[in-house]
Amino acid sequence: MAEAAAAALVKVIFDKLVDEAFKKYARSQNIHSELKQLGSTLSQIQALLNDASHKEITDESVRLWLNSLQHLAYDIDDVLDDVATEAMHRELTQESEASTSMVRKLIPTCCTNFSLSHRLTPKLDSITTQLQQLYKAKAGLGLIVKDEKPKNNNRGNETSLLESEVVGRESEKEKLLNKLLQDGPSKESFSILPIVGMGGVGKTTLARFLYNDTQVKGRFELHAWVCVSDDFDISKITKTIFQAVSDENKEFADLNQLQVALKEKLKDKRFLLVLDDVWSENFNDWENLVLPFHSGARGSKVIMTSRKEQLLKMLGFDNLDHLETLSSEDALSLFALHALGVDNFDSHPTLGPKGERIVEKCGRLPLALKAIGRLLRAKTDEEKWDEVLNSKIWDSKSVGDLSADWKVIFPALMLSYHELSANLKRLFAYCSLFPKDFLFDKKELVLLWLAEGFLNKSNSAKSPECLGYEYFEELLSRSFFQQSPNEEPLFVMHDLMNDLATFVAGKFFSRDDNRMATEDLAKYRHMSFIRDEYVAYHKFEAFKRAKGLRTLLAVYVGVDQSWDKFYLSSKILVDLLPELPLLRVLSLSRFSIIEVPNSIGSLKHLRYLNLSKTNIKELPDNVGNLYNLETLLVFGCESLTKLPKSFLKLKKLRHFDMRDTPCQLPLGIGELKSLQTLTKIIIEGNNGFAITELKGLNDLHGEISIEGLNNVQSSMHAREANLPLKAINKLELKWDDVSGRETLEKDILNELKPHSDKLKMLEVKYYKGIEFPNWVGDPSFHQLVQVSLHGCRKCTSLPPLGRLPSLKELLIQGMDDVKVISLELSRTTDVTFPSLEILRFEDMSSWKVWSTNSEVMFPRLRELQIIKCPNLSDVSLEALPSLRVLKIEGCGESVLRSLVKAASSTTKLEIGSILGLTDEVWRGVIVNFGAVEELFIQNCDEIRYLWESDAEASKVLERKRRMRITLGATSYHLLGC
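This section reports on the structure supplied with the text. Residue numbers run consecutively from 1 along every chain, following the written order of its sequence. Residues qualify for local features only when their pLDDT is at least 70, as the model is predicted, and side-chain atom pairs are given and counted only at 80 or more; totals for whole chains, interfaces and linings, by contrast, use all residues. In computing side-chain properties, one takes all heavy atoms of the structure into account and sets aside hydrogens as well as water.

Secondary structure is summarised from DSSP: a helix means a run of H or I of at least four residues, a strand means a run of E of at least two, and numbering begins at the N terminus for each. Across its full length, the protein chain carries 30 helices and 34 strands. Exposure categories follow from relative accessible area, calculated using a 1.4 Å probe and restricted to protein chains: below 20% of the type maximum is buried, above 50% is exposed, and the middle band is partly exposed. In the protein chain, which comprises 977 residues, the proportion classed as buried is 54%. Contacts were defined at the residue level, with two residues in contact if any of their heavy atoms lie within 4.5 Å. In the protein chain, once contacts between residues fewer than 6 apart in sequence are set aside, the share between residues at least 24 apart is 67%. With an accessible surface of roughly 42300 Å², the protein chain has 48% of that area assigned to carbon and sulfur atoms. The Shrake-Rupley method, run with a 1.4 Å probe, gives the accessible areas here. Residue values count only the displayed protein chains as cover.

Inspection of helix α19 (residues 382-389) places Lys384, Trp385, Val388 and Leu389 among the buried residues, and these make up the whole buried set. Down the axis of α19, the buried side of the element spans an arc of 140°, and every buried residue falls inside it. It is the directions from the helix axis to the C-beta atoms whose arc is reported.

Another aspect to go through is unusual backbone geometry. Negative phi characterises most residues that are not glycine, and trans characterises most peptide bonds. Positive phi values are uncommon outside glycine, yet Arg169 reaches one of about 65°. As for its placement among the helices and strands, Arg169 is situated in the loop between α8 (138-141) and α9 (170-181). Positive phi outside glycine occurs at Asp277, with the angle close to 65°. Residue position: Asp277 is located in strand β3 (residues 271-278).

What tends to happen in soluble globular proteins is that the nonpolar side chains get buried as a cluster. Side-chain atoms within 4.5 Å link the members of a nonpolar core, which is a set of buried Ala, Val, Leu, Ile, Met, Phe, Trp, Tyr and Cys residues. Membership of the largest hydrophobic core comes to 141 residues, with the highest contact counts inside it found for Phe656, Ile706, Trp850 and Ile866. With 4 residues, helix α29 (residues 919-926) is the largest single contributor of residues to this core. With near-sequence residues (within four places) excluded, Ile706 lies in contact with Ile681, Ile683, Ile691, Leu694, Leu723, Leu731, Glu732, Leu733 and Lys734. Residues Leu116, Val274, Leu351 and Val446 belong to the second largest nonpolar core, which totals 133 residues.

Attention shifts here to the packing of aromatic side chains. For any two aromatic rings, the description comes down to two numbers: the centre-to-centre distance and the angle of the planes. To pair, rings of Phe, Tyr and Trp, with the six-membered ring standing in for Trp, must have centres within 6.5 Å; the planes then decide the type, stacked if under 30 degrees apart, edge-to-face if over 60, and tilted in the middle. Evaluated as defined, the whole model comprises 32 aromatic pairs. Here the aromatic rings of Phe335 and Trp385 are separated by 5.6 Å at their centres, their planes lie at 75°, and the arrangement is edge-to-face. Taken as a pair, Phe335 in helix α16 (residues 328-340) and Trp385 in helix α19 lie far apart in primary sequence, 50 residues in all. On the basis of relative accessibility, which here comes to 0%, the residue Trp385 falls in the buried class.

Let us now look at the sheet that holds strand β24 (residues 820-821). Pairing between two strands is assigned when DSSP locates at least 2 bridges connecting them. The parallel open sheet is built from 3 strands, whose spatial order is β24-β27-β30. Two strands bound the open sheet, and with one partner strand each, they are β24 and β30 (874-876). As paired elements, β24 and strand β27 (residues 849-851) share 2 bridges and run parallel to each other. In the strand pairing of β27, Val820 is matched with Val849.

The subject of this paragraph is the environment of Phe283. Looking at where Phe283 falls in the secondary structure, it is placed in helix α14 (residues 283-289). On the basis of relative accessibility, which here comes to 30%, the residue Phe283 falls in the partly exposed class. Here the alpha-carbon distance between Phe283 and Gln310, two residues 27 residues apart in the chain, equals 9.2 Å. When sequence neighbours within four positions are dropped, the list of residues in contact with Phe283 reads Leu311, Met314 and Leu315.

Another aspect to go through is the packing of helix α22 (residues 442-451) against helix α23 (residues 464-477). One can describe the packing of α22 onto α23 by two numbers: an axis separation of 9 Å at closest approach and a directional angle of 120°. It follows that α22 is oblique to α23 by the angle criterion. Classified by chirality, the crossing of α23 by α22 is right-handed. Residues Lys442, Lys443, Leu445, Val446, Trp449 and Leu450 of α22 form the contact with α23, whose participating residues are Pro464, Glu465, Gly468, Tyr469, Tyr471, Phe472, Glu473 and Leu475. Residues of the contact of α22 with α23, tallied by class, amount to 9 nonpolar, 1 polar and 4 charged. Axes, fitted as lines to C-alpha atoms, cover a helix only where it is in contact. Angles between the N-to-C directions of the axes lie from 0 to 180 degrees. The labels follow the angle: roughly parallel below 35 degrees, roughly antiparallel above 145, roughly perpendicular from 65 to 115, and oblique for the rest. In this scheme the crossing of two helices becomes right-handed for a clockwise turn of the near helix relative to the far one and left-handed for an anticlockwise turn of less than a right angle. Each residue is assigned to one class: nonpolar for Ala, Val, Leu, Ile, Met, Phe, Trp, Tyr, Cys and Pro, charged for Asp, Glu, Lys and Arg, and polar for all the others, Gly among them.

Where strand β19 (residues 701-707) lies against strand β20 (residues 727-734), 6 bridges are found, and the strand directions are parallel. Within β20, the position partnered with Ser705 by the bridge is Glu732. As for the winding sense of the linkage, the β-α-β connection from β19 through helix α26 (residues 715-720) to β20 is right-handed. Pairing of β20 with strand β21 (residues 761-765), which is carried by 5 bridges, proceeds in the parallel orientation. Opposite Lys730, over in β21, you have Met761 as the bridge partner. Place the viewer so that the strands point away; then a crossover is right-handed whenever the path from the first strand over the helix to the second strand goes clockwise.

Put simply, side chains in a regular strand alternate between the two faces of the sheet. Relative to strand β23 (residues 809-813), strand β22 (residues 786-790) is paired through 5 bridges, and the arrangement is parallel. Looking at β23, one finds that Gln786 is bridged to Glu809. Pairing between β23 and strand β26 (residues 838-842): 5 bridges, direction parallel. Bridge pairing in β26 links Ile812 to Phe841.

Now for the packing of helix α21 (residues 422-430) against α23. Look at α21 against α23: their axes get within 11 Å of each other, and the N-to-C directions meet at 80°. Of the possible angle classes, the one that applies to α21 and α23 is roughly perpendicular. Seen from α21, the contacting residues are Asn423, Leu424, Leu427 and Phe428; seen from α23, they are Tyr471, Glu474 and Leu475. Counted by class, the contact of α21 with α23 contains 5 nonpolar, 1 polar and 1 charged residues.

Everything listed here is a matter of coordinates, which is why it stays silent on function.
In structure tokens form, the structure reads like this:
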């Protein structure tokens, strides 16, 4: 709790105080003696922190003492950061104003030192006095110097257990599965399956098990999962459902339009919807939410998890079955699974009785059992298990003003938290800034941790970012985070874990709520607020009192829809920001901001600035004064066309994201040696930005798009970019869609070969070479999973992509000179495209023949699309055993006929604008697609009847009760005459 944050801050302070460059500058400014005295007093206090960490659990006075220390530690760190920033400013000023060096020599050194010393000495003296008073208070608190036993945080190679693994619950699973798979009596087209129980009992885990069950997946045509929580926002919930069932990004003027669109998507389709963690007890809100659901097919289901009963009783559920805690046997198995890796104690019989006692202390609650189990993971010494059993935390009454469920589970979660290192405790507490059901992006969270100074480990050879990713994985492995059920790369935090983070964060972190206007904001250092549609100034006026604020973070719950608009009062930017001089993190992403005020340049402590997806047209010239800036995010700023010249003064900049932003990079960006993320560069002609600027940026990694490659004048210039030395995992190479120089472009592409061990995604656009260099398709790119070749109009053949062992998705588009595809896609071994799942050809105007010579080709291909390939007539493919989706559009009927046998396992068939597809051809085709369950036909004017007779149609429809038929743009008769 408070001890962890204070200890971590104190360590940061000592790291700065011992830095040689820092000490040298402090001596030059005549403040070294004050800093030495401060460090000496702080060292005495540091020795008491281990004892304080144990006593704060039960002693309120110790907790208050630690809070006071933490406030002082923040103040000290701010002062030291002031000194370091001033030193950097002096260094940059001397570099840029070397021509005035003779004038500077005429100014006495004492005069240049006076200002900083005069300003900081009284402040340092005051802080030291307060530290001395804190140290003197140790006797009254009973604090003594105790050796700290080092914690072993080496987790080895373990990974987080899959949430889908459910121990026990056999009767509940069987009962609920039967209800999902059967059509019981219901007045409505959909019915509700409630899962009710206390927090941490496993409601979401059980719902996730049902949602992902194979039989359940096959029964329902549409699926959606929504985390509802205590904010029952009908518009937000409806948007999330609409996006899940449609994969469309549409903008709606109001809720009515949105619900009409959802109603149309659900019409006559059997859907499964999970509404997870519903708190609302408002019947009218529920009635309004479900209005579109009534259009679905009978047998649709809504799984609702909730701690509350009232709404369900209003819906007619008089006798609710509550999900109880696990049985003693199942609880012990779950605990053993997470603690020992097996579901029993057979290999560790002496730990069995201790495990039983821990299980009872956890109340047999799955969330608590997982947390304590992972705390003890691979620790089989009895002493450690006894230490957990006998911890004072089990008896602690200091649980704060939180929910009753949280108070029940508090001791187990708190014990798991208590065993974290000071660093991990601080990182976890920081997550209190994010609301319940927030979707965490690991990379974005690590950048925030970096900006707050949480990842500075002086004795580590790893980069701060790598440490951050390791810390995140550690928290994930201990159940502080969970994989998001819907969004695979994102993560969520259980509601009770969020409550725990809020509790341990104490009085230094605050999420925006209605109390802000009345609270004393001066004590807060980190604040977040919900990004509402309209954010007015009066809501933030009280923030002016938070002079020590380091974090001002706009956050959003749920899926961030592109059509949403958010408006921020300009008065907040103009009047508020100058009042917050110590800000390190400022995020105003997605607000409709047009102008960034000049006052931004005065935030000299700023490390992280997020202005992405705003309407800004330029950054002020004084942005170069942000000497400490490490992360600048301006992606999706469609009106931002240029950067100020002062941009090159951002020597500490590590991450610059300008995806989907048209601005040019300034000349000289290659001098920003700290850059690790540079998502897009545009090569210019006429002495503009050159690709050679990348030469010295050896730490670049992640995603990069290089546009304007037609302006590269020499392959030697491309070689100087040193792409093979950079850890790039997503690479886009783009020429302008104009005539090019074939040989030169091939040489340039050859020199831009990235590191083969890192690349996962490759996109090549408008390349004008006749053929690709050898590295494209080389099997040494063993991590490459996605390839897109777009508009390479002069290429006459494809590279040997079939040799890529991990390739899952391939798009070939607009390759006008390719006439035959055969050996190009093959490989010398027996299996071609061993991992490919999605293959799409589009706009291939000259393509005529597609033949294969491999014994086994496309063993895992599940989706094939051939679009606008009008001259393709000869297709000879062997069986495609895994194919489920086949889409053919803008082709001749011979393509469809050629694929009949190879694609016989297809369950979803989409055809459109097929020339020559007469009734006779169609009947010869459809008879071979016996597995089809979804059929979509559009603009096939030569088909008059889908089946030859009523009897045949009835036979097919009887056999395929769930078959969906969608006819677009042209009218067809389902039956013959």
